[in-house]
Structure formats: C-alpha cells, structure tokens
Number of protein chains: 2
Amino acid sequence: MPTTDAAKSGIPPLDQHFPNSRKIAHGDLQVPAREIALTNGERVTVYDTTGPQGCPVEHGLPKRRQPWIDARTARGDTNFSQLHYARRGLVTEEMRFVALRENVDPEFVRSEVARGRAIIPANRNHPELEPMIIGRNFLVKINSNIGNSALGSSIQEEVEKLQWSIRWGADTVMDLSTGKNLRETREWILRNSPVPIGTVPIYEALERVHGRVEDLNLKLYLEVIEEQAAQGVDYFTVHAGVLLRYVPLTAERVTGIVSRGGSILAKWCLHHHEENFLYTGFEEICKVMQKYDVSFSLGDGLRPGSIADANDAAQFGELETLGELTEIAWRHDVQTMIEGPGHVPLHLIRENMDRQLRVCKEAPFYTLGPLVTDIAPGYDHITSGIGAALIGSMGTAMLCYVTPKEHLGLPNRDDVKQGVITYKIAAHAADLAKGHPGAADRDLALSRARFEFRWQDQFALGLDPVTAREYHDATLPQDGAKVAHFCSMCGPRFCSMKITEEVREYAKSGMQQKNAEFAARGGVVQ
Amino acid sequence: MPTTDAAKSGIPPLDQHFPNSRKIAHGDLQVPAREIALTNGERVTVYDTTGPQGCPVEHGLPKRRQPWIDARTARGDTNFSQLHYARRGLVTEEMRFVALRENVDPEFVRSEVARGRAIIPANRNHPELEPMIIGRNFLVKINSNIGNSALGSSIQEEVEKLQWSIRWGADTVMDLSTGKNLRETREWILRNSPVPIGTVPIYEALERVHGRVEDLNLKLYLEVIEEQAAQGVDYFTVHAGVLLRYVPLTAERVTGIVSRGGSILAKWCLHHHEENFLYTGFEEICKVMQKYDVSFSLGDGLRPGSIADANDAAQFGELETLGELTEIAWRHDVQTMIEGPGHVPLHLIRENMDRQLRVCKEAPFYTLGPLVTDIAPGYDHITSGIGAALIGSMGTAMLCYVTPKEHLGLPNRDDVKQGVITYKIAAHAADLAKGHPGAADRDLALSRARFEFRWQDQFALGLDPVTAREYHDATLPQDGAKVAHFCSMCGPRFCSMKITEEVREYAKSGMQQKNAEFAARGGVVQ
C-alpha cells in the first residue's frame, strides 16, 4: 500500500487500521472486498467501502465506470437512468457490480430496482463511483454527513472527512456544506469519492440569494441542481413535501421545524402565501435529475425534533405527499428514496416503518436515527443507534448516522468515527435480525476466535481492530497475553471459557464411559 | 457540599458533575432526589442514586434504615422479608420509600411485591441502603459491576468504582471480586453503599477450596452465604438452574458456557456425576436468605455467549428450572429475580421476554444486555445497549450494564461511566416506550431548553452535563455562545430553530391578517 500518498491525505494507510487484511477484487468488474486472514488459516471476506488507496487527492480516483457509460452513449442511449434500464429488463454493469457485492443474483437486483424497492445512486458524471444499492432486501447501509459551515473547516479537511468516513464503513456520504467555496469543495469530494455523494441543493440556492429565503425561486433552484448534477452528485435531498397547509401544524410543536431545509421552505411558503415551489415545480426537477440519473432523497422537512413531536399530523401529512411525489418521480424514471425521522420513542417506531412502506409504495426508507430519547446530549450516537437498529430490523434501507456532537457542535474526526462505527453496529444488527444471507458469518468467525483465545483474530474481525487491541493491552500488555488461554476479566483460575473446554473433555470422556458400560452390558437397551 | 471529604474519596464533588443541581429529600422518610434549577425559573426533579455525599469512607454512610429495622425486632417480628410483610398486607418503610421515589401509591408497591412481580433488595443488615424497587411496572433499573480479580485493583479503588457507578446512575452494584481480601473489600463496599449490593457467592466458596471446583459442597456454600448475608449483601446470584442434564446440551455450542458461575457448576456436576448441589440444596439456601431478606438473582449459567448460541435448548432448559426454583423461593418468602442473556440478535429478543414472564410467573427479569451482534469488540456497551433498550421496553425490570472493555479487559473509571450512561439511556428509552408516568418530563424540559437556546439548561438536564458543555465549547468556546440563538452546526444564517421562530411569527400574523379579513367581510363564514 503506497504509504506516502496515503500519508499525504492525512489518513493513515489501511493496514494501520485493519491488520491482517488485504483488499481484493472479484470478477471482471473488480468488485472490492476486504479479506481478513486468520491465524488458523481461514479467511473471512467482508464488505468494503474504503475505495482505491493511495491516489493523490489532486488527481482524484480512477474513473472505473467511464467505459460502461461511454458504451451507453456510443450505442445511442438517451435515458441513462438505472430505473429505466431495469424496467426495460436490462442488467447494467452497476447492477452486476452490486449483485457481486451483496452476493445475490443480478436479475434480483434488476427486479428490485425496476419496482422501485431499491435504488443504485449513480450519477453518470460520477465515474469514480463503486456502485452500491439501497433497498430493504439488501444489506442495510449507513450514511455519514460532512460539510463545512459558515464557522469552520477547510476543503482539505472535508475530503479527509470523506476518506475517514468510508474508512470506517460509511456507504454514502452527504456533503452538507453551507459556507464558502461550495462548488470547489464538492468537486474535490466527488473526484475522490468511491461512494455516492448526496447534497441538499437548497443550501447552495440560498447562498446565491445571500440568505434571503424569500428570493428563492424555481428557476434558480433548477440552475443549481443542473450544475450539481453535472458535477456528479448522486442524490439530492429535496424538501418538496413541505406544503403550505402543513406548516401551521408545526406551530404548537415543542421543537417546531428542526430540518434546515424544511424551515427554509416553510418560511418561503409563508412569506409568499404560495405553495412550495419544489412541489409545484417537481416535474421540472425530475427532468434535470433524470438526465444525469440523480436519485431523489425526498426530504422530511417536518420530521420531529423531540420525543414530544413524534408521529404527529405535520410529520405524517408530509409523508403522504412524499408518497405522491414518489409516483411522479417514478414516472420520470428517477430513482427515489424517502427520508424519515428523527426523534421517535421506541414504541412509536413501528408505525413509521409501516406507514412509509404503505404510503410510499415500498420506496427505500432512509432515516436519521431515530433518537429514542432526548435526555443525553453528548451521547446521541447511542440514543439514535438504538432507534436505527430497531427501524433497520423492520426494513429501513439506509441509516443516516448521528455523532456524539449532535445538537452541540461540529464533529471532529473522532466523532465521525464514533458515529460511523455505532451505525455499522446498528446496520449489522438489523442485517442479522432480517436473516440476510451470510450476515452472521462474521459474528460466527469472531465468536469462534474469542472462544479459542485467538486474540489477534478477534481483533482483526472486529469493526475497529486497533481499539479492541488497545483495550486488551490496557490490562494485559504482554505479547504472551495475546495467545494466553485466559483474559484479564476473570484471571487464569476463573476463566469460564477455559473451564468450558474442560467440560467438553469431561463430557466426551463421560460419553465414552457410558458407551463402554453399554457395550459391557451386551449393548442391549434396557 | 463538603468538598474536602469528597475529594478524600477521589471522586469530585457532585456539583462538578451536575451544575445547577441540588440534592433534596422528600417527606418523613427523606427520600432523595436531585432538583435541577433552570434559567427560566423552572425546576425539574430527577431520580437520584448518588447517596449521601461527603462521608469519610472509613466511617461509612449513615444507617438510615436502622430505626425501621430495630422497631421490627422490638415488636418481636421473626420474618423480616419484604415479601412476607407484603403478603401480610403490611406496607413497610421500604415500600413507602420506593413509592415516593417512583411517584406511585405505596399500596401498589406492596401488591407488586406480594405477587412476586417486583422485589426490594434490602438485607436487614444493610442499614445504609436507600431502598429501590425492581419490577416491570416501575422505572427500569440498571446494574453496574465492580470487583477486583486476581490480576488487579485495590479495595480503595473498588469503593471508588462503587461511588463512581452511582454518581452516574447505577441503581444496584454487583461486587464480582475474585481475588484476595474478598471479605474486607465487601465490607467497605457495603458500608459505603446506598444502593443494593449483589454478589456471586460461588466465587468466594471456590476461593476457599483454592480453586478446586470438585471440592465445592453445600455445607461450605451455606457458610459463605451466611457470612455474606450477615455482612449485608442484598442479593445473591445463585446458579441453581445449571442441571446435570443441561450441561451436554452446551457441548456443540460455538461458545460453550460463558458464565463463570455456570461453568464452575457444570464442571462440578460432571466431575461428581451428581446433580448441582445448589439445586438439591436449594431449600437450605432459601432458609439462610430468608433470615436476612437477601433476594435471589437466579443466575443464567447457560446464557448464550454468541449470536449463534442464542435461544437454544440449554438456555431455555435452564430457564424452565429457574421458574421451578422461583416458586420454591417464594414459598420461603425469598424475593426473586431471574437473570437473562447475553448475546441475542434483535429478532430473537421477544421470545426471551415472553418465555421468562410465562415460565417464571412474572418474577422480574434482569438481563445482561443482550448484545445484538458479536462483531464490535471495544463497543459492546453499544451492541448491548441496543438489546437492553429493546428488552427493557418489553418488560425487563433491570439491565446489567456492559462496558466498552467487555471481552477485552478490566474497565477503568471512564469505561464504567460509558457503560452506566449507555444503560441509563437504554433504561430511559424503555421507560418512555412503556409510558411510565412522568418519564417524558425530562425529555420535554430538555427539548424546550434546546429549542429556546437555553444552552446551560440543555446541559444541566442531560445525563452528563459536563461532556455536553465540553462538546459545545469545542466549536463555540465563547461565553456569549451559551446564550446565542444559533449553534455551530448551521451557523447564524441557517439555524432551523431560529427560522422556526420566524415561521411562528409569520403564522401568527398570518392568522391575524386572516382574522382581520374575516372581520372586514362582516364576520360571515362564506
């Protein structure tokens, strides 16, 4: 692994985080995976989001999709949407790629995309992409947010946040920048991103009217999305469901409107006493997005911002509209997913999932958490990871991460890592609960390693090998302890795993003795 | 608050962790609570486990229960079990105490204890105790584990771990020491503990036979529990359900027997080819426990140690036996709760709860997590916090915490804090889901503070005010930012909460305008 280039980006090389691992590539499409070599000779392959390593940031990543896209243009295609191809029965390279990645049949991928139950966010101007799929019959995905604001952080930092996010397992990344240099930041991010990039174009639109919400209009918005789409953004959050009539429903809420996009559109609607221009101009928006195959992430601008506001009339009203818009998007061959809450107590989560599936005709659900309590600022990766695992197990296709800094400040690198790993846990717990084929393999391999005191294998198979090893070293730093048949929690005498081994021996010899007694009695059942 | 004494114990004084808070005491029983003073003049009262502050460790805490206990002895009582009193229709001081603490009727407490659906672990020789209740119709409780092992940590450190655990909200603490000075360590812990202390007496019994499992016997065990009960231990984990016939059911497991107590008993059974002496001697054990009103925590020695082993024949076989033993314990007036797993994927959690309630006749369930995946060593507070929140919402009465060091090493102070706070989140999420009266009050107060940019109140109402403030300061350290009507995530221009305020104004004026128009038209509905 070219350490020098990786070091240039400020992110340590891959093997510093994942010992005993190497990147591998499957098939003619060179689908990436990570192979973990265990000390007993076994190998375990895991899904990999880290992308090509060692490419200088200023050059960007290799454009692996370019030949696929060029061939489509060469044969005269005019509609490049994955949904369009899927409906026509065509299995694209992107579909084959994700099929290999998920270990399922390409035809199954095609059919799920065709019926709108899964999306492959893949702008035709984002050739650096390693395609992935979002849908409830596939592995649950996670999204990480990056982006500078008026108050902080440089372009270089944002690219490193992207690389850092995918290092730990983010499947997509949203660039939520609201400060200066939006276009340039986005360009760097896209050219260095092997994962789909999402944005919220209303932020840039608002920047162009110098923050004057009332000056926003459809024409400007269409210009912004045309430019962002041309750059290669893979999905747009569009708050087209914030209808004029829903806004007053939020007035008595405890926390009103907490979505940035939602509050911008609500303010616009009230100022003009007109319907949301993203709603009235929705078909024009679809046309731009269809041209580049940008996917919709229909924004939940009225999501609840507190437990008290969960599942209220404003939230569910907007959801109905998102269902209506989903069908319009589909008519335009635009792939679509639906954003969901937010803050929801455990007992109200099920209703969110059930309604979304029904109202939005099984379009993939993409939720922010949900946070299951409001009382733990500083720990909202955990309050939301709980809700995310549960709603994921019910069928949510992608989980938007929350960091420990949520509600408090801008996440630093460690916060991003905490958020991503917490959400990898939530997504994997959901995969296990859904019985996704092969999902339990890694648990099994890790538990076997644990039981057999293969400490290095236990570390290597974990989501964060270095931290696991550090924690072990904190109590037993000696090298010998890595092969010791006990651990620091119980010490040598009490180790239950050690005793279990003895129990197995006893059990085995006990069986042999019984067999011997049985034979001695003449082998007759009495 | 006497800072000097608190400092002596090595734990900072309370107000360093909980600004704008003070301890208060309700009613004639002086039931503790913590009152948080908000900047808008409101006050929010929260459950408090921190106990009396500033008592020198070598003196122990005040013996608040002594007069209650003395009065019972003086009037000639011979059976001091809370279950016995409850069945006779008597509301004890302990029941009144927990009723005030939980804001419910004392008669309801009595009836729940009488039917075995809740327990008040309160050894009559633990007068320092501030009584608490464990049952699914009360607030979900959490347990923290402390204890030295052969490899580490001093007595003073263990007392500080106790104080540290209850500082962050542990409702009970188990002393799992297995090293030297067991008796002395326990004495210090008990005399300084306002919360129930649990132990696993088989550890000390094994210490006395120098680790030779085969030398364990009922007589020795009864001596150990008699001594521990006389010291004031409030509940004992007793692995009486590890029957000889269940042991071979674990031989083909991925992770065999992972409970220390379970593996000790399994080894004993196989060595002697006899039934577990804790099972055959159960009634004698009950008699000792009844004398001091020690509660049972019937141990799940065969709990699954990996996702692959969840809900298997060994686990559920043992649970059946625990149900049988519950009825025997109840006949002896011994309060009883049931320990549960362990490692269980999300979709198999419900069966654990349903079975336990049925088989154990609604005796309180006390689970370790469960961990919902095995792949995140270093993050098992989170893998288990997810399962804990879910099973808590289904009716589990107490959740045994897991720290980030689980499977890897001995937790330090920060690990203990992480574990306790994660479990406070899980327990509170469950309380919200169960609709526990008043549970949502703190969420509501915090969300209001958040929405109104009362930053100091948002911090003060959280589970960990200092961390929340630190995270805020990391981006916006200026004092002015604590009253600023925006935060660092969006900056001044984009703040959605700020925009919502404007939306409310617009909405209000819009209504006024419509009212004016309506009046101008003559006030007639058209």
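The structure presented is a predicted model; accordingly, all values stated were derived computationally and were not measured.

Undergrad: Pulling in residues and values, what's your account of the overall build of chain A?
TA: The helix and strand tally for chain A stands at 22 helices and 13 strands. In summary, chain A has a C-alpha radius of gyration of 25 Å against a globular reference of 24 Å for 526 residues, a match within 12%. Out of the 526 residues in chain A, the part that is buried amounts to 66%. Within chain A, counting contacts between residues at least 6 apart in sequence, those at least 24 apart form 72% of the total. In the structure as shown, chain A presents an accessible area of about 17400 Å², 51% of it carried by carbon and sulfur atoms. Taking the average place of the 58 positive charges on the side chains of chain A and the average place of its 68 negative ones, the gap between the two points comes to 4 Å.

Undergrad: Kindly report on the interface of chain B and chain A, identifying the contributing residues and their values.
TA: Counting residues at the interface gives 106 residues for chain B, matched by 106 residues for chain A. Interface area for chain B against chain A, summed over the two sides, is near 8900 Å², with a carbon-plus-sulfur share of 70%. Linking chain B with chain A are 0 salt bridges, by the criterion used here. Where chain B meets chain A, there are 12 residue pairs in polar contact (both at pLDDT 80 or more).

Undergrad: Quick rundown of helix H10 (residues 218–231) of chain B? Include the residues and the values.
TA: Since the α-helix advances by 3.6 residues per turn, residues separated by three or four positions end up pointing in the same direction. All names here are of chain B. With 14 residues, H10 extends 20 Å from end C-alpha to end C-alpha; this agrees with the ideal 20 Å at 1.5 Å per step. When we look at burial in H10, the residues that qualify are Leu218, Leu220, Tyr221, Leu222, Val224, Ile225, Gln228, Ala229 and Gln231. Where the residues of H10 are buried, they touch helix H8 (182–191), strand S8 (197–199), helix H9 (201–208), strand S9 (235–238), helix H12 (277–280) and helix H13 (282–292). Between the side-chain oxygen at the start of H10 and the backbone nitrogen of lysine 219 there is a gap of 3.1 Å, and the oxygen is on asparagine 217.

Undergrad: Would you mind going over the pattern of salt bridges in detail, with residue names and values included?
TA: In a structure, side chains of opposite charge can pair up when their charged atoms sit close to one another. Residues and elements named next belong to chain A. Across all of its chains, the model carries 76 salt bridges over all chains by this definition. The partner of lysine 161 in a salt bridge is glutamate 158, and the shortest N-O contact between them spans 3.5 Å. Separated by 3 residues within a single helix, lysine 161 and glutamate 158 lie in helix H7 (residues 155–168), roughly one turn from each other. The exposure classification of lysine 161 matches that of glutamate 158, with both residues buried.

Undergrad: I'd like a description of the sheet that holds strand S3 (residues 43–47) of chain B, backed by residues and values.
TA: All names here are of chain B. Strand order in the open sheet formed by 3 strands is S1-S2-S3, with antiparallel pairing between adjacent strands. Pairing within the sheet leaves two strands with one partner each, and these edge strands are strand S1 (21–26) and S3. Taking the axes of each pair of neighbouring strands and ignoring which way they run, one obtains an average angle of 35° across the sheet. With 6 bridges joining them, S1 and strand S2 (residues 31–37) adopt antiparallel strand pairing. Across the sheet, the residue bridging to arginine 22 is glutamate 35, located in S2.

Undergrad: Mind laying out the sheet that holds strand S1 (residues 21–26) of chain A, listing which residues take part and the relevant values?
TA: Within a sheet, each strand pairs with its neighbour through backbone hydrogen bonds, oriented either parallel or antiparallel. All names here are of chain A. Pairing in this open sheet of 3 strands is antiparallel, and the strands run S1-S2-S3 from one edge to the other. Since the sheet does not close on itself, it has two edges, and those belong to S1 and strand S3 (43–46), each with one partner. Strand after strand, the sheet turns through a mean of 35° between neighbouring axes, direction not considered. As defined by bridge partners, strand S2 (residues 31–37) adjoins S3 across 4 bridges and the pair is classed as antiparallel. Residue pairing across strands places alanine 37 opposite arginine 43, the latter belonging to S3. Its contacts with the sheet put helix H5 (residues 93–102) on S1 and S2, and the angle it makes with S2 is roughly 15°.

Undergrad: Which residues make up the relation of the copies chain B and chain A, and what values go with them?
TA: Superposing chain B onto chain A requires a rotation of 180° together with a translation of 0.0 Å along the rotation axis, leaving an RMSD of 0.0 Å. Here the transformation between the copies is reduced to the relation of a two-fold axis. When C-alpha distances to the rotation axis are compared across chain B, the minimum falls at Ile386(B), with a value of 2.4 Å. Looking at chain B, 100% of its interface residues are interface residues in chain A too, so the copies touch through the same face.

Undergrad: Kindly report on the side chain of His343(A), identifying the contributing residues and their values.
TA: Structurally, the position occupied by His343(A) is in the loop between strand S11 (336–340) and helix H15 (349–359). Look at His343(A) and you get buried, because its relative accessible area is 5%. A distance of 3.4 Å separates polar atoms of two side chains, one belonging to His343(A) and the other to His407(A). Contact partners of His343(A), with chain neighbours within four places excluded, come to Pro304(A), Gly305(A), Ser306(A), Ile307(A), Ala310(A), Leu371(A), Asp374(A), His407(A) and Arg450(B).

Undergrad: Pulling in residues and values, what's your account of helix H8 (residues 182–191) of chain A?
TA: Those residues of H8(A) that sit buried are Leu182(A), Thr185(A), Arg186(A), Ile189(A), Leu190(A) and Arg191(A). Of the surrounding elements, those touching the buried residues of H8(A) are strand S6 (141–146), H7, strand S7 (172–175), strand S8 (197–199), helix H9 (201–208) and helix H10 (218–231) of chain A.

Undergrad: Can you break down the environment of Glu327(B) residue by residue, with the values?
TA: Position of Glu327(B) among the secondary structure elements: in helix H14 (residues 313–331). For the pair formed by Glu327(B) and Gly116(B), sequence separation is 211 residues and the distance between their alpha carbons is 9.6 Å.

Undergrad: Describe in detail the packing of aromatic side chains, supporting the description with residues and values.
TA: Each aromatic ring pair is described using two quantities: the centre-to-centre distance and the angle formed by the ring planes. Counted according to the given criterion, the structure contains 18 aromatic pairs over all chains. Here the aromatic rings of Trp268(A) and Phe277(A) are separated by 4.9 Å at their centres, their planes lie at 70°, and the arrangement is edge-to-face. Residue classification places Trp268(A) among the buried residues on the basis of a relative accessible area of 5%. Taking relative accessible area as the criterion, Phe277(A) reaches 4% and is therefore assigned buried. Ring centres of Phe282(B) and Phe296(B) lie 4.7 Å apart, and the angle between their planes is 15°; on these two criteria the pair is classed as stacked. Separated by 14 residues along the polypeptide, Phe282(B) in helix H13 and Phe296(B) in strand S10 (residues 295–298) bring together distant segments of the chain. Judged by its relative accessible area of 1%, Phe282(B) falls in the buried class. Each residue in the set Phe18(A), Trp164(A) and Trp168(A) is aromatic and connected to the rest through ring pairs, giving one cluster. Note that Lys417(A) overlies the ring of Trp168(A), its terminal NZ or CZ placed 4.4 Å from the centroid.

Undergrad: Any details on the packing of H8(B) against H10(B)? Residues and values, ideally.
TA: Residue and element names in this part refer to chain B. Remark: H8 packs on H10, axes separated minimally by 10 Å, with the N-to-C direction vectors making an angle of 30°. One finds that H8 runs roughly parallel with respect to H10. Of the two elements, H8 crosses H10, and the hand of that crossing is right-handed. For the pair H8 and H10, contact is made by Arg183, Arg186, Glu187, Leu190 and Arg191 and by Glu227, Gln228 and Gln231, respectively.

Undergrad: Explain the side chain of Ser81(A) residue by residue, including any values.
TA: Residue and element names in this part refer to chain A. Here serine 81 lies in the loop between helix H3 (66–74) and helix H4 (82–87). A residue is classified by how much of its surface remains accessible, and serine 81, at 0% relative accessible area, is buried. Here leucine 83 takes part through its backbone nitrogen, which lies 3.0 Å from a polar atom of the side chain of serine 81. With near-sequence residues (within four places) excluded, serine 81 lies in contact with Asp293 and Asp333.

Undergrad: Could you give an account of the nonpolar core, naming the residues involved and the relevant values?
TA: The nonpolar side chains of a soluble globular protein tend to be buried with one another. Leu216(A), Phe296(A), Leu216(B) and Phe296(B) are the most contacted members of the largest nonpolar core, which has 242 residues in total. In contact with Leu216(A), other than residues within four places in its own chain, are Ile202(A), Ala205(A), Leu206(A), Val209(A), Ile264(A), Trp268(A) and Phe277(A).

Undergrad: Can you explain the state of the cysteines? Please cite residues and give values.
TA: Note on terminology: a disulfide is the covalent bond linking the sulfur atoms of two cysteines. Here the structure, examined in full by the defined rule, presents 0 disulfides over all chains. Its sulfur unpaired, Cys360(B) is 14 Å from the next cysteine sulfur, which belongs to Cys286(B).

Undergrad: Just give me the short version of the packing of H10(B) against H13(B), but keep the residues and values in it.
TA: Geometry of a packed helix pair, given as the angle between the helix axes and the separation of the axes. Residues and elements named next belong to chain B. Direction vectors running N to C along H10 and H13 enclose 10°, while the axes themselves pass 10 Å from each other. In this view, H10 runs roughly parallel relative to H13, as classed from their interaxial angle. Facing H10, whose interface residues are Leu218, Tyr221, Leu222, Ile225, Glu226, Ala229 and Ala230, H13 presents Glu284, Ile285, Val288, Lys291 and Tyr292. Broken down by class, the residue content of the contact of H10 with H13 amounts to 9 nonpolar, no polar and 3 charged.

Undergrad: Can you lay out unusual backbone geometry for me, pointing to particular residues and giving the numbers?
TA: Omega for the peptide link from Pro341(B) to Gly342(B) comes to 5°, which places this bond in the cis form. Here Gly342(B) is to be found in the loop between strand S11 (336–340) and helix H15 (349–359). In this structure, Pro370(B) follows Gly369(B) across a cis peptide bond, with omega equal to 10°. When you line up the elements, Pro370(B) lands in the loop between strand S12 (365–368) and helix H16 (380–394). Its identity as a non-glycine residue notwithstanding, Glu362(A) has a phi of 70°, on the positive side. Counting through the fold element by element, Glu362(A) comes out in the loop between H15 and strand S12 (365–368). Notably, His407(A) is not glycine yet its phi reads approximately 75°, a positive angle. Tracing the sequence through the fold places His407(A) in the loop between strand S13 (398–400) and helix H17 (413–433). In this structure His407(A) comes out as buried when scored by relative accessible area, which is 11%.

What counts as what
Residues numbered from 1 in each chain as written. Chains lettered and ligands numbered in written order. Predicted model: local features only at pLDDT ≥ 70, side-chain atom pairs only at ≥ 80, totals over all residues. Heavy atoms only, no water. Helix = DSSP H or I, 4+ residues; strand = E, 2+ residues; numbered from the N terminus. Rg over C-alpha atoms; globule rule 2.2 N^0.38 Å. Buried < 20%, exposed > 50% of the residue type's maximum accessible area, 1.4 Å probe, protein only. Contact = heavy atoms within 4.5 Å. Areas by Shrake-Rupley, 256 points an atom, 1.4 Å probe, with all protein chains shown as cover. Lys, Arg positive; Asp, Glu negative; His and termini not counted. Charge placed at Lys NZ, Arg CZ, Asp CG, Glu CD. Buried area = accessible area lost by both parts, 1.4 Å probe. Salt bridge = Lys/Arg side-chain N within 4 Å of Asp/Glu carboxyl O. Polar contact = N/O pair within 3.5 Å; in protein donor to acceptor, adjacent residues only side chain to side chain. Expected span 1.5 Å × (residues − 1). Pairing = 2+ DSSP bridges. Axes fitted to C-alpha atoms, helices over the stretch in contact; angles between N-to-C directions. Least-squares fit on C-alpha atoms with pLDDT ≥ 70 in both. Phe/Tyr/Trp six-rings, centres within 6.5 Å; stacked < 30°, edge-to-face > 60°. Lys NZ or Arg CZ within 6 Å of the ring centre and 35° of its normal. Parallel < 35°, antiparallel > 145°, perpendicular 65-115°, else oblique. Left-handed = near helix turned anticlockwise from the far one by under 90°. Core = buried A, V, L, I, M, F, W, Y, C linked by side-chain atoms within 4.5 Å. Disulfide = S-S within 2.5 Å. Nonpolar A, V, L, I, M, F, W, Y, C, P; charged D, E, K, R; others polar.

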